[in-house]
Amino acid sequence: MCRLFAMSTGGPRVRAAHWLLDAPRSLRAQSHRMRHGAGLGWFSLGGEPIRDRAPLAAFENADFDLHARNVPSHTFVSHVRDASVGGLTVRNCHPFVMNDRLFAHNGVVKGLETLRTWLTEVESAQVSGETDSELVFAYVTAEIRRHGDTTAGIVEAVRRIGAELPVFSLNMLVAEPGRIWALRYPESNELWVLSPGEGGTSEPGADGTVPAVVIASEPMDDRRGWRLLRAGELLVVEGLAETSLFPFGPLSRPLRRSDLSLREAASQTTDGPPAAPGTGVPAPDSGPLAGPAPVLAVTEGGSGS
């Protein structure tokens with residue numbers, strides 16, 4: 001399944017190379033199983049969201065390596081994609097950007113035609129790709145604008161999606177400068193946090209290491225401080241302060257794995273695509289998502305999507 005990563009230091013600008021590239025289960029290592037795209041988002045000195053994304057596996061993407069090693073920020077969001085909806089194009093790669101926020105998602109949400117009716121024409125115009133993830137983000141963004149508060153908007157959007165749409169998993173990350181919202185909903189897919197008091201740092205063991213809140217789809221090393229978020233938990237991170245909210249009830253239309261298409265079900269496993277014989281590296285995708293030749297990576301700033 002797709003893998004999520006986020007980190008907040010509460011102010012100091014650091015690099016994310018350890019977790020993205022060098023940790024025992026770094027995002028680059030995980031991308032050998034999730035090869036349909038990779039992206040990294042961060043915030044500039046002026047608080048502008050910037051992202052670099054491409055329909056390439058992180059381990060194949062020199063730009064992913066370059067930005068992970070060299071870009072400093074206090075807030076990061078990253079994603080490696082195992083596609084379930086939408087072709088292998090740059091527009092379908094996470095993280096997405098709308099209204100100066102970063103967003104990444106892991107899971108499957110159906111009923112997208114219904115979801116589109118909840119958006120105005122202006123709100124729909126922010127969606128440039130084909131994924132359920134970006135459409136969910138457009139609705140979350142709309143509710144944040146209507147409520148004038150990020151937490152309230154996320155809660156309202158997720159409540160309505162959970163009440164009216166078929167959902168397998170709606171694990172997601174939303175980020176503003178110095179703030180991250182991490183949701184695990186329901187229990188289908190995991191999401192973990194490593195808090196500063198439990199060993200969370202920007203680069204464990206290095207000189208000048210900085211305390212950090214680290215969030216990931218799976219523990220990225222073997223330290224014992226990793227905590228699995230509870231089903232329905234919305235973790236709000238402001239700097240280094242963490243608050244857990246539980247505003248969501250059970251899904252009204254939960255999807256089982258048997259309700260998913262073969263491609264959707266494959267994208268929600270932890271193992272990723274099968275390895276090519278004798279290589280240990282995932283074989284090329286020959287299914288309907290293979291799509292056109294990969295598009296070059298694109299580094300984007302601003303509030304467009």
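In short, a report on the structure.

So, the overall build of the chain
Of regular secondary structure, the chain possesses eight helices and 14 strands. Within the chain, buried positions represent 57% of all 305 residues. Residue pairs at least 24 apart in sequence account for 72% of intrachain contacts in the chain once pairs closer than 6 positions are excluded. About 11800 Å² of surface is accessible on the chain, with carbon and sulfur atoms providing 52% of the total.

Looking at the side chain of Ser 26
Assignment of secondary structure puts Ser 26 in the loop between helix H1 (17-22) and helix H2 (27-30). In this structure Ser 26 comes out as buried when scored by relative accessible area, which is 1%. Leaving out residues up to four positions away in the same chain, Ser 26 has contacts with His 18, Trp 19, Leu 20, Leu 21 and Met 220.

Remarks on unusual backbone geometry
That bond from His 94 to Pro 95 is cis: its omega, -5°, falls within 30 degrees of zero. Residue placement: Pro 95 occurs in the loop between strand S4 (75-80) and strand S5 (96-98). Residue Pro 186 follows Tyr 185 across a cis peptide bond; omega there is -10°. Secondary-structure assignment places Pro 186 in the loop between strand S8 (179-184) and strand S9 (192-194).

Remarks on helix H6 (residues 132-147)
For H6, with 16 residues, the first-to-last C-alpha span of 23 Å sits near the 22 Å given by 1.5 Å per residue. By the criterion of burial, H6 is predominantly enclosed, with 13 of the 16 residues buried. Downstream of H6 by one or two residues, Gly 148 has phi in the positive range, about 70°.

Description of the pattern of salt bridges
The final tally for this structure, using the stated rule, is 16 salt bridges. Salt-bridge contacts for Glu 233 lead to Arg 227; the nearest nitrogen and oxygen are separated by 2.9 Å. Note on Glu 233: relative accessible area 1%, which makes it buried. Connected through salt bridges with shared partners, the residues Asp 22, Arg 28, Asp 65 and Arg 69 form a single ionic network.

Rules used in this analysis
Residues numbered from 1 in each chain as written. Predicted model: local features only at pLDDT ≥ 70, side-chain atom pairs only at ≥ 80, totals over all residues. Heavy atoms only, no water. Helix = DSSP H or I, 4+ residues; strand = E, 2+ residues; numbered from the N terminus. Buried < 20%, exposed > 50% of the residue type's maximum accessible area, 1.4 Å probe, protein only. Contact = heavy atoms within 4.5 Å. Areas by Shrake-Rupley, 256 points an atom, 1.4 Å probe, with all protein chains shown as cover. Expected span 1.5 Å × (residues − 1). Salt bridge = Lys/Arg side-chain N within 4 Å of Asp/Glu carboxyl O.

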